[in-house]
Amino acid sequence: MATDLHGPVTTRAADAVRVEGLTRSFDGRPVIDGLDLTLRAGEFTALLGRSGCGKSTLLRVLAGLDREIEGTVLVPRRRAVAFQAPRLMPWKRVWRNVLLGLPGKPQRAVAEAALEEVGLGHRSGAWPKTLSGGEAQRASLARALVREPDLLLLDEPFGALDALTRIKAQQLVAELWQRRGCAVLLVTHDVDEALLLADRVLVMRDGAIAHDAPVGLDRPRTVGAPGFAALRSRLLEELGVRTPAAVSD
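Note that the structure is predicted; figures quoted are calculated from it, not measured.

## Brief notes about the side chain of Ser 140
Along the polypeptide, Ser 140 turns up in helix 4 (residues 133-145). Apart from the residues within four sequence positions on either side, Ser 140 is in contact with Ala 82, Phe 83 and Pro 86.

Here it is in structure tokens:
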């Protein structure tokens, strides 16, 4: 089952998300303008685009955090989002942060199982202020995972991490996706990150999806893999960055 602004709607089993004619305006200016998008169940999709192109707005719409829209948006009932800022409540211990917003009275064991999955079980009783940046992001991911999402939305979750911690976090997300099998939409500015993680990369421009390409590279991936450089060059060109190869053509 999927849900839209007006209630439950049945969608094709192969689709996790279906968006048709989505428009979102601010002060009369459309940031998203007639956007169409389908995300397949179990697929890892990365969304690239220049700052201000509407990437994060689209993610917020899919998360149900922004409903001032026109058009049709069909999404799974079970979805979760993790942002660049972990947004942990400093007055609640880590395990209690993981359970925030869950219906009913979930037990601590539920949170601890999710924390173990992201390698943070040993810090379940810690205060958020004692966590490193990478640990706080893992706690944020655990909070998303306890919702058993069919759609996991990631809004630049690695943007504030140092290079080594970022690599470890990327590997963790790849492992979680392969284990969970949910659809993932990753919003990022990093072309290499998109190609290392995603099955499919979208480029957003002028409020719509301007480029949609599969990533036909074997896993696990490295930046030196055959075909990686060509895909990277094409995406950079779509983003308005002329690579040396493009200049020489």
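## Considerations on the packing of aromatic side chains
A full pass over the atoms with the stated rule returns one aromatic pair. Measuring from centroid to centroid gives 5.5 Å for Phe 44 and Trp 177, while their planes differ by 85 degrees, and the two rings are edge-to-face. With a gap of 133 residues between them, Phe 44 in strand 5 (residues 44-48) and Trp 177 in helix 5 (residues 163-180) connect regions that are remote in the sequence. Looking at Phe 44, the relative accessible area reads 0%, which means it is buried. Across the ring face of Phe 26, the terminal group of Arg 24 is positioned such that the distance to the ring centre comes to 4.0 Å.

## A few points about the layout of surface pockets
Estimated volume of the largest pocket: approximately 410 Å³. In terms of lining, the largest pocket is formed by 19 residues, of which the most central are Arg 79, Ala 80, Val 81, Phe 83 and Arg 147. Of all elements in the fold, only strand 7 (79-83) and helix 4 reach the threshold of two or more residues within the lining of the largest pocket. With five residues, strand 7 is the largest single contributor of residues to the lining of the largest pocket. The residue makeup of the lining of the largest pocket, split by class, is 11 nonpolar, two polar and six charged. Lining the second largest pocket, in full, are Ile 167, Gln 170, Gln 171, Ala 174, Gln 178, Leu 196, Leu 197, Arg 219, Pro 220 and Arg 221. Elements with a contribution of two residues or more to the lining of the second largest pocket: helix 5 and helix 6 (191-197).

## Describing the nonpolar core
Formed by 52 residues in total, the largest nonpolar core has its most connected members in Phe 44, Leu 48, Val 118, Leu 141, Leu 154 and Val 201. Grouped together as the second largest cluster of nonpolar side chains are 26 residues, Leu 59, Ala 63, Ile 69 and Val 73 included.

Rules used throughout
Along every chain, residues carry numbers that run from 1 in the direction the sequence is written. Given that the model is predicted, a residue must reach a pLDDT of at least 70 before its local features are reported, and side-chain atom pairs must reach 80 or more before they are shown or counted; all residues, however, enter totals for whole chains, interfaces and linings. To get the side-chain values, all heavy atoms of the structure are used, and hydrogens and water are removed first. Segments assigned H or I by DSSP are reported as helices when at least four residues long, segments assigned E as strands when at least two residues long, and all are numbered from the N terminus. Here a residue-residue contact requires only that any non-hydrogen atoms of the pair lie within 4.5 Å. Pairing of aromatic side chains here covers Phe, Tyr and the six-membered ring of Trp, requires ring centres within 6.5 Å, and sorts the geometry by plane angle: under 30 degrees stacked, over 60 edge-to-face, intermediate tilted. Each residue gets one of three labels from its accessible area relative to the maximum for its type: buried under 20%, exposed over 50%, partly exposed in between, using a 1.4 Å probe on protein chains only. Our definition puts a charge over a ring when NZ of Lys or CZ of Arg is within 6 Å of the ring centre and also within 35 degrees of the ring normal. Here a cavity denotes a set of grid points, spaced 1 Å apart and computed over the protein atoms alone, in which a 1.4 Å probe fits but from which it cannot get out, and a pocket denotes an open set meeting protein on both sides within 12 Å along at least five of seven lines; residues with an atom within 4 Å of a point are reported as lining. Grid points are joined across faces, edges and corners, and a volume is the space filled by probe spheres set on the points. By the convention adopted, Pro, Cys, Tyr, Trp, Phe, Met, Ile, Leu, Val and Ala count as nonpolar, Lys, Arg, Asp and Glu as charged, and the other residues, Gly among them, as polar. Definition of nonpolar core: a set of buried residues of the types Ala, Val, Leu, Ile, Met, Phe, Trp, Tyr and Cys, connected through side-chain atoms within 4.5 Å.

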